Structures are given as structure tokens and as C-alpha cells.
Amino acid sequence: MCGIVGCALRRRASDIIYGGLKQLEYRGYDSAGIATLSKGQLSIVKRQGKVRMLESCVDDLSGNVGIGHTRWATHGKPSDVNAHPHSAGKFAIVHNGIIENFTELKQKYFPDVQFLSDTDSEIIVRLLDKFYEGGLLPALKKVASLLSGSYAIVVICTDYDGIAAVKYKSPVIVGRGADGNFAASDAPALAGLCREISVLEDGDFALIDCAGISVFDNDLNPVERKIRPNLATPANLELAGCPHYMLKEIRESPRAISNTCAVFHTAEGELKKICGGVNRVILTGCGTAYNSGLVAKRYIEQFARIPCEAEIAGEFRYKNPVIDENTLVVAISQSGETADTVEAARLAKNSKARVVAVTNAPYSQLTGIADVVIPVAAGPEICVAATKSYAGQIAALYLLSGVLSGRDLTESLLQIPALCAQTVENTDISAVADMCARSSGVYFLGRDIDFAVALEGSLKLKEVSYIPSEGYPAGELKHGTLALIDENAAAVVVITGERLAGKSKNAVEQVLSRKGKVAVITCLDGIANELKDRATIVKIPDCGEFLSPLISSVALQLIAYKVAVTLNRDPDKPRNLAKSVTVE
């Protein structure tokens, strides 16, 4: 959460920072700001709202050194004054993370000082100003030693013609470019600017000027960090004829599946080694990533016949899990920086488990922990709600289940991109979307693998439309949830498997008998024909029970998108949310 860009260049910095913030806006869009340094003078502009609110100010910011920030609020409401950068004395800072002891630090060091903002971040710049005695790194080290929580901090000091950075449990990358050097919280900000990047480790400090980058460990001893090619490409901010990124990225799901299958071979050899002798699998993630793990649990147990559990990472990391060297822990994260998932993977590694990462980010914290990385080749995803990355995760996890079972499942996926594209282009969800938009609550129901997809459909609707929604196993409806069904409620029932179709149809009947409205997402002609006169039917292509999540999820994503548009919500930037959740 929160996006950071900093640079020391041989040309004006503000244009580059503004462009980088636009690339990082998925990390937060409550407010944004830029600070530049010119001839020993700081200039700062910051505004509540999206990054574009800064556009008219960029030309007024001179100087070749600068920092920028796009915020997802944790402490203090979105406002101009709570926006970053924060400043005091010779310093301006931007911060990603949470300072858990900021109240105690304020009471100890500034009992009589009226802070300008309500943020936890302002304590950082106040402490820098207090402890600075002419040495930037010693002051930054002193401040970092006092902080509890997580932080990526980038600093400008009027005594130094460059920027400084320090990180702990929040990402910072540094990059070398033709016109100068950079720091950022994520590689897309530096796409097209740097051919080479390095990933800072926890406790690292960096000094960055236009001539070079120097990295130091926690004792301020010089260290070298691996120089890697910058694989990020600038996120395509064109909408390709779509009104929103969410729709554009749903349409890119077929390519995400194809590309993920194409690069799976890069991990396959190492996966075969690490999976040998595994007697238990734990899948862990948050939000959409957790939901993809629920689908994969079914794959692994069905194909490999290995006991498998799916755990919410924020719960798993605080347990004392029963895992050992024969346990495979699969950590799933679109960004590879999700705080709870990273810590869950770290816990598993420290407990001697074998750790596999499934991520769309090649140089993330998660990839640094994992023994093997399965790449999700979905490409940059601008919309906060995950769509094509979910498809890529499902494809990657399906292929992993093949490795665990000793089967090559690649060929069975070959038909899916075309069927997925057919679903995107030909599925009429208008009636379902209208039904959901007029409902007081929507209940997504399914059995077995359809239940896992129902959970993801419910999450998507909540994220982008703000309509109360829950996902339930269809058989659980009568054990409490049925009390919520009336003429104002709606149910969306996913039915793709013949084996349990009749059982799921019972749930449809139960909702209808209580005057609830029902939509059925199905590939089964029999179910469609039986219910067509009493429920809204959305027919999807039949691809078999186990690959159906790659098709049924697309229909549910389209429903959520259409509901959001109908209710005049912004599906790309839903309120209160950010894409990369790097704090607890």
C-alpha cells in the first residue's frame, strides 16, 4: 500500500515522479504529493484525491532531485494535510508502512509540539530533524532504530543533492538509469527508466544521487545487492477501447492463462525436486489469492491424493502450525508483497517447510523467501480488483497439482483461453447485474469447486459495487442464511458439475420459495432448461468440472463490473481499497 518514487537526475525530476506515481496509483489513491530540491530549497505540493490532482502543479516544481507518494490512508483521513511528503527543518519524507509506536514516540520526544497531520508518518521527519547533526545516514539509522512496525522511507535533505532510503518489511527497489538513479516501492514505476534494479533487504540503507547508488547494511557498512534486469514494462495506461481497466483486464484473462502456461516450464524442474516426498500441502494467501487457493485445494486432493488445506495468511502466520520438512507451503500473492502472506511464508521457511511462491511479481519479498517461484504471467494489473491475475493463479496452481500428481496437465488447458474469450465476449449478464443492483444483499452459492468460485464472485461484487454480499456452500443455506432471504434479496448460484447439480438446484428452490430472486451460472443444459422460466440463466461454455473456475469466474467478474457501472461506482478504484496490501 502507498506508492513511492524518488530520483536524482540530470534533468527535471517532477515530470518523472508524476509519471511514476501514475504507474503506482493502484497502491493507493486517497491523496498524492511531490517534493523537489533545487539549490538547497524544498518545494512541496500535495493534494487529496487521485494523482491527476497534481498535474497542474508539476511544471512549477524545479529541481533534479525529488520524491513522490500516492497514499492509501492508515492513520488520518484522506486530506491535503495528511498527504505525503511530510516535512520538518531540512527534511521531507515519504513513507509506506505503519509505525506502530508513533504515539509513544510523540509523547517521549515531542510532548509539547503540535503536529501538522494526523498520520503516523510525520513522526519520522520530526525525529530526523531532531537527531540530525550533519550526517544523513547516521540520523536516518538513529530514527530507524526507534521505529516499530514496517516502513519504506525515502528522504530528501537540503544538505545532500540526492535521496536516501531505508526499508523494513515494506518494499524498496533502487534502479540505475541513463539520466540518473531511482528508488521506488515497485518495479512498474521504473519501467522504461531503468534497465537494471536491485532489491533492498530489510535493514538496508541507500544513498542515491545522479552519479550512483550506494547501499549499506544495518551497521552502515557498504554492501552489494544483486543487480537484476528490470523485467517490468510500463503499464499500458491506454484503455484499448474499454471504459474501465477492470473490463480491459477481464478481456486479457485468456492471455494471462496462455502466458502463465507458457512460462511454467521455467519452474517445473525445481518443482519436481521440491515436491518429492511431500505428504501435506498448505495453500495460503489473502483475498482473491486465498480464494484461488481454495480451488487449488480441490485440484491437489483430487489429482495427487495428498492432504491439503487452504489457510488465510493473516491467521496462519499467528498460529503454531503443525508443519515439518515434508510439508509444502504454497504462498499466493499477486504483488508478492502482501504483508500477511510474506510473513506466513517466512514462518513456514523457519519451520523447515518447503515453500513455493505463486506471484505476478518476479523480484518481490515473497520470491526472496521461496524455494521455488511459479510465475503468474498476467502482466500489469491496474484495476484494484484482481481479475486476470486470478485466472493466472488458477492456471499456475492447476499445473502445480499436475507436478504433485506426476501428471502433465498442460494439454488440458489448451482449450481454455479460447473458451474464456468466448465467455468474455458473448455472455449476457445484463439481467443478473440489474437484479443484483436492486437487491439489499446478494448471496453467492455453490458446491465443491463451485463454492470456491462463489466466494470469489461475492468478493468481487463487494469490492466494486459496495453491495453487501456473502459466499456460502449451497448446502449451508438452510443452516442459518436462509433467514436473510426475502423479496429484496438475490442469490447467484454457480452450477458446473453434473455430480452435485441436483443438490445445488435444491438451494435454488429454497430461495425461490422464500420470494428471493435467483440467477444461475451454468454450463449444464439440463439445469438451464429446468430453471429457465423461474430464474435468470447465464449459460457458459462447458470445459469440464475442474477447469470450470476459469470460465465461471469470468461471468461473475462481468456481473460485478456491470453492477458497479450501473450504480455509478468506479470499478477501477473502489473506495477504501488498494491493490498491494503491504501492511497488516
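Definitions and cut-offs
- Residues numbered from 1 in each chain as written.
- Predicted model: local features only at pLDDT ≥ 70, side-chain atom pairs only at ≥ 80, totals over all residues.
- Heavy atoms only, no water.
- Helix = DSSP H or I, 4+ residues; strand = E, 2+ residues; numbered from the N terminus.
- Buried < 20%, exposed > 50% of the residue type's maximum accessible area, 1.4 Å probe, protein only.
- Contact = heavy atoms within 4.5 Å.
- Areas by Shrake-Rupley, 256 points an atom, 1.4 Å probe, with all protein chains shown as cover.
- Lys, Arg positive; Asp, Glu negative; His and termini not counted.
- Charge placed at Lys NZ, Arg CZ, Asp CG, Glu CD.
- Salt bridge = Lys/Arg side-chain N within 4 Å of Asp/Glu carboxyl O.
- Core = buried A, V, L, I, M, F, W, Y, C linked by side-chain atoms within 4.5 Å.
- Polar contact = N/O pair within 3.5 Å; in protein donor to acceptor, adjacent residues only side chain to side chain.
- Pairing = 2+ DSSP bridges.
- Axes fitted to C-alpha atoms, helices over the stretch in contact; angles between N-to-C directions.
- Parallel < 35°, antiparallel > 145°, perpendicular 65-115°, else oblique.
- Left-handed = near helix turned anticlockwise from the far one by under 90°.
- Nonpolar A, V, L, I, M, F, W, Y, C, P; charged D, E, K, R; others polar.
- Disulfide = S-S within 2.5 Å.

### Considering the overall build of the chain
Looking only at helices and strands, the chain features 18 helices and 25 strands. Dimensions along the principal axes, computed over C-alpha positions, put the chain at roughly 80 × 50 × 45 Å. Counting the 584 residues in the chain, one finds 61% classified as buried. Across the chain, every contact between residues at least 6 apart in sequence was considered, and the portion connecting residues at least 24 apart equals 73%. Accessible surface computed for the chain: about 22000 Å², of which carbon and sulfur atoms make up 46%. In the chain, which carries 62 positive and 66 negative side-chain charges, the distance between the mean positions of the two groups comes to 1 Å.

### Some thoughts on the pattern of salt bridges
A complete count under the given rule lists 31 salt bridges for this structure. Here Arg-12 ties to Asp-15 by a salt bridge, and the two come within 2.8 Å at their closest N and O atoms. Connected through salt bridges with shared partners, the residues Lys-505, Glu-509, Glu-530 and Arg-534 form a single ionic network.

### Things to note about the nonpolar core
Counting residues in each nonpolar core, the largest one holds 114 residues, and the members touching the most others are Leu-271, Val-281, Leu-283, Val-330, Leu-404, Val-492 and Ile-521. What Leu-283 contacts, discounting residues up to four positions off in sequence, is Gly-293, Ala-296, Lys-297, Ile-300, Cys-308, Glu-309, Ala-310, Glu-311, Val-330, Ile-332 and Leu-397. Counting 33 residues, the second largest nonpolar core, distinct from the first, contains Phe-102, Ala-144, Ala-164 and Val-166.

### Remarks on helix α1 (residues 14-23)
Burial analysis of α1 places seven of its 10 residues in the buried class, the great majority of the element. For α1, the full list of buried residues reads Ser-14, Ile-16, Ile-17, Tyr-18, Gly-20, Leu-21 and Gln-23. Tucked inside the fold, the buried residues of α1 contact β1 (3-9), β2 (31-38), β4 (65-71) and β10 (180-184).

### Describing the side chain of Thr-288
One can find Thr-288 in helix α8 (residues 288-304). What makes Thr-288 buried here is its relative accessible area of 8%. Of the polar contacts made by the side chain of Thr-288, one reaches the side chain of Glu-456; its length is 3.0 Å. When sequence neighbours within four positions are dropped, the list of residues in contact with Thr-288 reads Ala-386, Tyr-390, Gln-393, Glu-456, Leu-459 and Lys-460.

### Describing unusual backbone geometry
Working note: non-glycine residues mostly have negative phi, and peptide bonds are mostly trans. The amide bond that connects His-84 to the next residue, Pro-85, takes the cis arrangement and shows omega of 5 degrees. Topologically, Pro-85 is positioned in the loop between β4 and β5 (86-88). Phi angles above zero are rare outside glycine, and Lys-169 is one such case at about 60 degrees. Its place among the elements puts Lys-169 in the loop between β8 (163-168) and β9 (173-177). Since its relative accessible area comes to 28%, Lys-169 is described here as partly exposed. The residue Leu-220 is not glycine, and still its phi comes out positive at about 65 degrees. When you line up the elements, Leu-220 lands in the loop between β13 (212-216) and β14 (222-223).

### Points about the pairing of strand β25 (residues 536-539)
Strand direction decides the pairing type here: strand β24 (residues 517-522) and β25, joined by four bridges, are parallel. In the sheet register, Val-520 faces β25, and the bridge partner there is Ile-537.

### Some remarks on the packing of helix α3 (residues 122-131) against helix α4 (residues 136-146)
In the contact formed by α3 and α4, the axes pass within 9 Å of each other and the chain directions differ by 130 degrees. Here α3 lies oblique to α4, going by the angle between them. Like other packed secondary-structure pairs, α3 and α4 cross with a definite hand, here right-handed. Seen from α3, the contacting residues are Ile-124, Leu-127, Leu-128 and Phe-131; seen from α4, they are Ala-139, Leu-140, Lys-142, Val-143 and Leu-146. Here the contact of α3 with α4 is composed, by residue class, of eight nonpolar, no polar and one charged.

### Quick word on the state of the cysteines
Summed over all chains, the structure comprises zero disulfides. Of all cysteine sulfurs, the one in Cys-194 lies closest to Cys-7, which takes part in no disulfide; the gap is 9.7 Å. The cysteine Cys-275 is free of any disulfide, with Cys-308 supplying the nearest cysteine sulfur at 11 Å. In this structure Cys-275 comes out as buried when scored by relative accessible area, which is 10%.

### With respect to the packing of helix α7 (residues 265-275) against helix α12 (residues 388-405)
Between α7 and α12, the least distance of the axes is 9 Å, while the angle of their chain directions is 50 degrees. In this view, α7 runs oblique relative to α12, as classed from their interaxial angle. Like other packed secondary-structure pairs, α7 and α12 cross with a definite hand, here right-handed. Two secondary-structure elements touch here, α7 through Glu-268, Leu-271, Lys-272 and Cys-275 and α12 through Leu-400, Val-403 and Leu-404. In terms of residue class, the contact of α7 with α12 is built from five nonpolar, no polar and two charged.

### Considerations on the sheet that holds strand β12 (residues 205-209)
One open sheet holds the seven strands; their spatial order is β5-β6-β7-β8-β12-β13-β14, and the pairing between them is antiparallel. Strands with a single pairing partner mark the edges of an open sheet, and in this sheet they are β5 and β14. Where strand β7 (residues 149-157) lies against β8, five bridges are found, and the strand directions are antiparallel. Each bridged residue has a counterpart across the sheet, and for Ala-152 the counterpart in β8 is Lys-167. The strands touched by α4 within the sheet are β6 (91-99), β7, β8, β12 and β13, with β12 carrying the most contacts at an inclination of about 145 degrees.

### Looking at the sheet that holds β10
Reading across the sheet, the eight strands line up as β3-β2-β4-β1-β10-β9-β11-β15 and stay open at both edges, with antiparallel pairing between neighbours. Edge strands, defined here as strands with exactly one partner in the open sheet, are β3 (41-48) and β15 (228-229). Inspection of the sheet shows β9 paired to strand β11 (residues 194-199) by five bridges, in the antiparallel sense. In the strand pairing of β11, Arg-176 is matched with Glu-196.

Shape is all these values report; function is a separate question.
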